[in-house]
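# Survey of secondary and tertiary structure
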Amino acid sequence: MSEVKPDLIDVQINGEWHSFPKGTRMIEACKEVGVEVPHYCYHPKLTSPGNCRMCLVEMGMPPRPAPGSDPVEPDEDGHVPISWIPRPVIACANTIAPNMGIRTESEMTEECRKGVMELLLANHPLDCPICDQAGECSLQEFSVEHGKGESRFREQKVKKPKNVEIGPRIRLDDERCIMCSRCIRFMDEIADQPVLGFTDRGSHTTLTIHPGHELTSNYSLNTADLCPVGALTSNDFRFQMRVWFMKETKTIDVNCATGANITVFAREGKIYRVIPRQNNNVNSNWMPDSHRLNIHWINSEARLTDPLVRDEKSGNHRVATWNGAMQTSADALLKLDGSEIAVIGSARMTNEELLITNRLAKQLDAGHVDVVAREGEPDGYLISADRNPNSNGAKLILGLENPGSTIDQIREGIAQGRIKALVCLQENIIDDAGFSADELAKLDFFLTSYPLANATAEVADVVLPGACWAEKSGTMVNGTGRLQRLNKCIEGPGQTLEAWEIVRDLIQALGGGNGIYAATELFAQLAGEVPEFEGITFGQIGDLGLPLIETDERIPLLEREAERKAQGLIVG
Amino acid sequence: MSFEVPAEVETKVDQRITHYPVSKRSAVLPVIHELQHHFGFISEEAVEWIAVKLELEPIKVLEVVTFYPGIRQSAPGKFHIRVCRTLSCAMAGSAELMDALCETANIDRSGTDHHHPIAVSPDGKFSIEFAECLASCGTGPVCLVNDDFHEAVPNAAELLAKYD
Amino acid sequence: MSDVKYISGKEPHPKERRMIFKNVDREGWDQSIETYEKDGGYEVLKKAMKMAPGDITTEVKTGGLRGRGGAGFPTGVKWGFLPPNNTKPVYLICNADESEPGTFKDRYIIHQDPHQLIEGMIISCFAVGAKLAYIYIREEFPEGAQILEAAIEEARAKNYLGDNVLGSDFDLEIYVHRGAGAYICGEETGLIESLEGKRPYPRIKPPYFPAAMGLYLCPTIVNNVETLCHVGHILRIGGEEWAKIGTPNNTGTRILCVSGDVQKPGYYEVEVGSLTMGELINDVCGGLKEGRELKAVIPGGSSAKVLRAGETFKVGRGDDAKEIDIWNIKMDFDTLAACGSMAGSGGVIVIDDSRSISWVLNNINAFYAHESCGQCTPCREGSLWMKKITDRLVGGTASPTDIDTLYDVAKNIDGRTICAFGEASAWPTESFIEKFKDELVADTNPELAGEKVNNEAQLAAAGLL
């Protein structure tokens, strides 16, 4: 808040004067005061070619007095009358100037929009009924507002390639393309895989992938998001669901520590699509394909739907009630000394879940508490080396200096018989932490919660269906130290509970206190107990999160974006 | 993989590239011209070769190759004729000249369209297309045959007889 | 110039004043540097190299030279747009992409008098501080490119080019860069993109004014061939003296290229404004063809708005204001602008009453549809649309309402595009309809009103019927 105040410039928009920082693009100035300027090619994160011409507006400047005549006297506010220029200008690439006037509702502006719309639709196939973009197509949207409602185009339309697989995840319909070049610019400027381009020229201009090449970039699906029309569509989402039938939930990606902000599209308990949501401090406007497509397991047959308890006689799991499962667990745990119990939580848990896990550990006086570390190669864009979304939460709340570093000790303890019980929450430690079934068989008691059936569950005494990320709410702290909200998008299947509920009930079964009915209550307690969270309310976090702690983690894509912004190439 | 650029052509290419000390990419058109001069047209292999030579993504070369009508993507005849189509030449009879040239050289232009503007004679000797204004409007109808410029072309047969 | 003799049959018209074209069709003339030097060539360069660069710009401004490429912008003012205290390299590009239909002047300079251009370029480079310059020549001048490259070699051998030009500390290299058949490369920012090896998509202005952010985003001056040649002549005789040629604000000589329906089409170099349309057509060009009457003139390349025979034009201001007919239009920048058209590139296309206006317009529309780069919406979609309508007009399947649509399409392009191509493609249609609507409508079939050529099912599916 202590930033140096930028030079402010007075600009008149639709008759009213406003002030904006010097260098603001006309389109952004309008947006800031709630005046929408329709556009296709402009995108604040990409260079501005000014090619679609949809953002043409009427513009005026202070009159230039003829040589020798008196300058025009400003009025009491310091404004001079605007002399309107007979030629429209694009609002996207032009910056504001002192005493500039912009009219977005004038006859000239409306004529320009009508004209551009008619021309954009001239060679467009108008196949909206079978187009996947329907419902979120800018052509449709602006047609309603600025179109003529009838076509005067009587000619044969230009024929272009249709239904071209340009990559494993993206499909191209060239007849729908309006040549805005957003996808080309994205692949050139941001994804560093410049394989898209225009071939031919004039009305025959065709968006093309170079023959023999594929759009293999792990960021390719962003081009489908960017495409303002139905030219580029996602193979994964194509024809799955009309957009207007789906419920949108703003939440965060949990596939790595970056915590990309996302919007989840779901209907009746099924997630159909994830798209990135703009957050300039986290993921800009983008996300990796691998992360957004990691959703299909959520509705898989392998989901755990009921608590399971191992039958002493048969040795098989049988369905139990939550109360039964909890009582079984409490009975087993209460037989042991705390030093004989280990708790493995997960850095995929929310802060709230981690807090209550910490309570559980205290209740049990557990000798060992850790989470499973998850490391990978950073991709130099948005994917962090840390593939857990909330390692920082685990550090702060569980007091772990180096999350995952004592997992081997726990394993040794089990092998040597020192650790007799293990409570493993939301992790699959056989597949993800190097445990073996034989090792775990040595335990007197083993409880695990997880969304999916897996090898670890097979050897557990109590198996609990834990909600996945999309089925719960809470907060997480990303790699850069930003506190962000995870929001529930769908209900979990069957008897699934959120991990914090599972732990709450277990603590209760162990004889501990409870009285917690919502994750937000846990957050309030967190703010009281963990110094870094002090004074923060759940409501404050908002859709975009807020900085909580300083870390060394940098997001390379954002650093490059900042450079391009500093060079004036993009708005940012 | 049989695409090979002869050493003497590559020497010329390298020479052309030196004309652009700031950016090798600037040499795209000159390099295309050298290859087209030698091969008659720019094949997909030629596009890849140029991309490697100039350290560009191939699409950046293809974007250029497909933009310009002066760059051919299929083999022309031994003698490639470009007849000016634009107004002054049209007023001077360039459409009639085109018809006469096609008849004389036995070229069928009925299969040409925007994407395939060039028609070749069955014997491969002549190919023909319309070109836009060749900037000799005072002496129409004009045409280019390979690099030779012909103005006020009086007679198709007379013109074609010069090429054997 | 009495010692200059011309090839028999190609002598200049007595009303001409040959300066730029002094050596075109000259007897005993060739393209060699020796011939050029013998005639006083490169003497002006030697003189210029002793001047301060800023003084050269001042002379050009004093001369009042206006660009000969089409827009008629004052050359000295353009040079003056170079940023002061600039630390980046400055580039000069000669626009030899001569491609405006009806224009054929640079062709002769390049083919017959290449050293005149090179000398003008070297002087201009020295004036603006460019050490690297390119001649962007259209691909359809293969011989011209070779001639220029040979001339550059000759000039380098004589140290007019290369390091330490004429013993000074000024270094300069000029290279020839061939286009590949694109009218849009005549637009200076399209040309620059092409020279950078990209698709020649014109740049948005602002911010990409070439004088500030041109080639490789460095300050760049782009001048037409004829313009750069004039720089040499201005320095030879002095800006003040040069400004006496022609009329005020329309100074110097200018090459008018006349084609179409006249007895003697060709190139004629005259003092700007020294001729009226009538004198040009009837005296210099030998009049219209036998038994024909004038129908229209396109006075400045095909993108200039058409002038109709029989129209009256209001020219002059205040006491000088008067109404004139087409024959009395003075062929200068300001008068043609006052008549609602432009001097453009100097290409005058004369159309007589044997021509169908629909056919002429369709030919022009086919040119612009073919040459639209396709970067921005109005021109990309509109230019082909206009061509398709006029295709039907000449094919007899247009309805009267198509003419109204055609006009609207042109209006939807005009003024709304990235570059001036929008106007270039729209003005012919606009002006032809404004001035020849009756004739165009006469070529339509009223019975076809409302008929759709398109696939109705598609339109119906989209709810647009």
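Residues numbered from 1 in each chain as written. Chains lettered and ligands numbered in written order. Predicted model: local features only at pLDDT ≥ 70, side-chain atom pairs only at ≥ 80, totals over all residues. Heavy atoms only, no water.

Note on interface size: it is often stated as the accessible area lost on association of the parts. Contacts between the two partners involve 15 residues from chain A and, on the opposite side, 14 residues from chain B. Buried surface at the junction of chain A and chain B, both sides included, amounts to about 1300 Å², of which 55% is carbon and sulfur. Of all residues in chain A, D200, R201 and H210 of chain A bury the most surface against chain B, accounting for 43% of the area lost on that side. Where chain A touches chain B, the interface holds one salt bridge. In this structure, D188 of chain A engages K60 of chain B in a salt bridge whose closest nitrogen and oxygen atoms are separated by 2.7 Å. Our count for the chain A to chain B interface comes out at nine residue pairs in polar contact (both at pLDDT 80 or more). Of all the elements in the fold, those that place two or more residues in the side of chain A that touches chain B are β9 (196-199) and β10 (206-209) of chain A. If one sorts the elements of the side of chain A that touches chain B by residue count, β9 of chain A sits on top with four residues. In terms of residue class, the side of chain A that touches chain B is built from six nonpolar, six polar and three charged. (Contact = heavy atoms within 4.5 Å. Buried area = accessible area lost by both parts, 1.4 Å probe. Salt bridge = Lys/Arg side-chain N within 4 Å of Asp/Glu carboxyl O. Polar contact = N/O pair within 3.5 Å; in protein donor to acceptor, adjacent residues only side chain to side chain. Helix = DSSP H or I, 4+ residues; strand = E, 2+ residues; numbered from the N terminus. Nonpolar A, V, L, I, M, F, W, Y, C, P; charged D, E, K, R; others polar.)

Moving on to the domain arrangement of chain C. All names here are of chain C. One can read the domain layout of chain C as domain 1 (33-244), domain 2 (249-352) and domain 3 (357-461). Computed over C-alpha atoms, the centres of domain 1 and domain 2 are 28 Å apart. If you look at the interface, domain 1 gives 22 residues, while domain 2 gives 25 residues. The junction of domain 1 with domain 2 conceals about 1600 Å² of combined surface from both sides, 54% of it contributed by carbon and sulfur atoms. A per-residue breakdown of the area domain 1 buries against domain 2 is headed by R66, R68 and F104, which together make up 32% of the total. The interface formed by domain 1 and domain 2 includes one salt bridge. Of the charged contacts in the structure, one is a salt bridge between D334 and R66, with a shortest N-O distance of 3.2 Å. On the surface where domain 1 and domain 2 come into contact, there are 13 residue pairs in polar contact (both at pLDDT 80 or more). (Domains from an automatic or database assignment.)

Our focus in this paragraph is the packing of aromatic side chains. Any two aromatic rings considered together are summarised by their centre-to-centre distance and by the angle between their planes. For the coordinates displayed, the defined rule picks out 28 aromatic pairs over all chains. Arranged with centres 6.2 Å apart and planes meeting at 80°, the rings of F523 of chain A and F533 of chain A form a pair that is edge-to-face. Of this pair, F523 of chain A sits in helix α15 (residues 519-529) while F533 of chain A is found in the loop between α15 and α16 (538-541), placing the two residues ten residues apart along the sequence. Each of the two residues, F523 of chain A as well as F533 of chain A, counts as buried. Connected via pairs of aromatic rings, a cluster forms that spans Y183, F367, Y368 and F421 of chain C. Over the ring of F67 of chain B we find R201 of chain A, and its NZ or CZ is 5.2 Å from the ring centre. The ring of F265 of chain A has R273 of chain A lying over it, and the distance from NZ or CZ to the ring centre is 4.2 Å. (Phe/Tyr/Trp six-rings, centres within 6.5 Å; stacked < 30°, edge-to-face > 60°. Buried < 20%, exposed > 50% of the residue type's maximum accessible area, 1.4 Å probe, protein only. Lys NZ or Arg CZ within 6 Å of the ring centre and 35° of its normal.)

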